[in-house]
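Breakdown of the fold
Now for the letters of each chain:
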Amino acid sequence: MNRIGIDLGGTKIEGILTDENYQSITRKRIPTNQDNGYDSILDSIKNLVFELTEKSNEKVTVGICTPGALSLDSGLIKNSNTQCLIGKDIQNDLKNILHQEVSIENDANCFALAEAKLGAGKNSNLVFGVIMGTGIGGGIIIDGKIHHGRTNIAGEWGHHCIHNDGNSCYCGHKGCVETYISGPALEKNWSESSGLTQSLPEIIQNHTNPNFNNWKKSFLENFALSLSNVVDILDPDIIILGGGLSNINFLYDEGKNAVYDKVFSDIVNTPIVKNELGDSAGVFGACLLQSH
Ligand SMILES: [Zn+2]
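Residues numbered from 1 in each chain as written. Predicted model: local features only at pLDDT ≥ 70, side-chain atom pairs only at ≥ 80, totals over all residues. Heavy atoms only, no water.

Nonpolar side chains in soluble globular proteins tend to be buried together. Grouped together as the largest cluster of nonpolar side chains are 38 residues, with contacts concentrated most on M132, W157, F219, L227 and L241. Elements supplying a minimum of two residues to this core: β8 (126-132), β9 (136-142), α4 (178-181), α5 (183-194), α6 (200-205), α7 (212-234), β11 (238-242) and α8 (254-262). Examining the composition of this core, we find that nine residues originate from one element, α7, more than from any other. Ranked by size, the runner-up nonpolar core spans 25 residues in total, among them F111, A116, A286 and C287. (Core = buried A, V, L, I, M, F, W, Y, C linked by side-chain atoms within 4.5 Å. Buried < 20%, exposed > 50% of the residue type's maximum accessible area, 1.4 Å probe, protein only. Helix = DSSP H or I, 4+ residues; strand = E, 2+ residues; numbered from the N terminus.)

A few words on the packing of α5 against α7. Where α5 contacts α7, the two axes come as close as 10 Å, and the packing angle between them is 145°. In this structure, α5 meets α7 at a crossing whose hand is right-handed. The segment α5 lies against α7, with L186, N189 and W190 engaging F212, W215, S218 and F219. Per-class residue counts for the contact of α5 with α7 are five nonpolar, two polar and no charged. (Axes fitted to C-alpha atoms, helices over the stretch in contact; angles between N-to-C directions. Left-handed = near helix turned anticlockwise from the far one by under 90°. Contact = heavy atoms within 4.5 Å. Nonpolar A, V, L, I, M, F, W, Y, C, P; charged D, E, K, R; others polar.)

Bringing the pattern of salt bridges into the picture now. Going through the model one piece at a time under the given rule, you end up with nine salt bridges. A salt bridge links R27 to E14, with the nearest nitrogen and oxygen atoms 2.9 Å apart. Highlighted residues: R27 in strand β3 (residues 24-31) and E14 in strand β2 (residues 12-18), separated in sequence by 13 residues. Looking at E14, the relative accessible area reads 4%, which means it is buried. (Salt bridge = Lys/Arg side-chain N within 4 Å of Asp/Glu carboxyl O.)

Turning our attention to the coordination of the zinc ion. Of the protein atoms, only H159 (ND1), C169 (SG), C171 (SG) and C176 (SG) coordinate the zinc ion, at distances of 2.0 to 2.4 Å. Its four donor atoms give the zinc ion angles of 104 to 117° at the centre, a pattern that matches the tetrahedral case. Here the donor residues for the zinc ion map to a single chain with the spacing H-x9-C-x1-C-x4-C. With H159 in the loop between β10 (145-146) and α4 and C171 in the loop between β10 and α4, the pair connects residues that are twelve residues apart, well separated along the chain. (Donors = N, O, S within 2.8 Å, 3.2 Å for Na, K, Ca; no water. Tetrahedral: all angles 85-135°; square planar, octahedral: opposite > 155°, others 65-115°.)

Let us now look at the environment of S246. Along the chain, the position of S246 falls in the loop between β11 and α8. Residue S246 is classed as buried on the basis of its relative accessible area of 2%. Each C-alpha atom, one on S246 and one on V130, is 9.1 Å from the other, the two residues being 116 residues apart in sequence. Contact partners of S246, with chain neighbours within four places excluded, come to M132, L241, Y252, K274 and N275.

Now for α7. Over its 23 residues, α7 runs 32 Å from end to end, which matches the ideal 33 Å to within 8%, given 1.5 Å per residue. Positive backbone phi, at 45°, marks D235, one or two positions downstream of α7. (Expected span 1.5 Å × (residues − 1).)

A sheet is described by the order of its strands in space; here five strands give the open sequence β3-β2-β1-β4-β7, paired in mixed fashion. Of all strands in the sheet, those bounded by a partner on one side alone are β3 and β7 (103-106). With strand direction ignored, the average angle separating the axes of adjacent strands in the sheet is 15°. As paired strands, strand β4 (residues 60-66) and β7 are joined by four bridges and run parallel to one another. Bridge pairing in β7 links C65 to E105. The strands that helix α2 (residues 90-98) touches are β1 (2-8), β4 and β7; relative to β7, the one it contacts most, it runs at about 145°. Contacting β4 and β7, helix α3 (residues 107-118) crosses the sheet at an angle of about 95° to β7. (Pairing = 2+ DSSP bridges.)

Written as structure tokens, this is what we have:
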């Protein structure tokens with residue numbers, strides 16, 4: 001059966017139609033228009049599914065990859081940085097609109113699943129997939145399946161505390177990983193130390209600036225703290241980095257070594273690698289949702 005995977009992002013909604021072997025048949029991308037609210041997002045998804053399937057009468061499966069997590073009790077979206085989705089029963093609403101079952105997972109789990117099945121983690125049993133971008137997320141795949149945990153929060157390493165009484169986080173806690181090594185947090189940190197308002201790629205280019213080494217040192221320290229905790233607890237076969245920050249090359253040598261230095265073991269060789277699917281992990285992860 002053909003599959004549709006939809007990646008519902010903060011700025012764009014992307015859809016892919018694949019065959020049963022996850023080979024792309026057609027693909028479309030439209031803006032999210034968060035300002036127009038929840039109903040307009042539902043409408044956009046409906047139109048996207050219609051456009052992807054208009055040339056074929058075959059039945060399809062539909063999977064959605066979305067920011068935020070689904071509450072285990074209510075099925076409603078919680079903790080999303082696409083604010084208008086919070087508290088909405090998007091799975092049921094889409095089921096009613098599309099007249100078919102819809103699977104839904106958060107973007108970090110979709111990323112980890114796609115990379116574990118089709119990308120950099122193909123030969124690994126326990127995969128920890130990490131999204132480092134505007135927000136910080138993570139997903140755990142064990143033997144090809146998403147590990148959700150008792151309350152559906154497994155893998156959410158972006159909100160574990162690495163600094164007691166540290167930076168305030170939108171989640172209500174202090175010292176969360178996300179407030180130190182997300183794109184906006186790193187840009188804020190740079191602006192405070194250098195006085196420059198620059199995007200992360202610009203900061204990386206600006207490595208001769210006298211403030212750069214201190215900025216990088218603190219970035220690596222926080223990266224190492226947060227991931228070494230994961231290695232100590234989960235001991236994954238591989239850690240795969242995704243999101244905009246996965247393009248920062250020093251994370252794979254200096255960053256990796258900094259993590260190793262903090263792990264509670266004399267044997268540390270966990271591969272920390274870049275994703276292989278790039279921006280496509282979301283749509284492919286969504287396609288894979290029906291298959292397990
Ligand atoms: Zn937090």
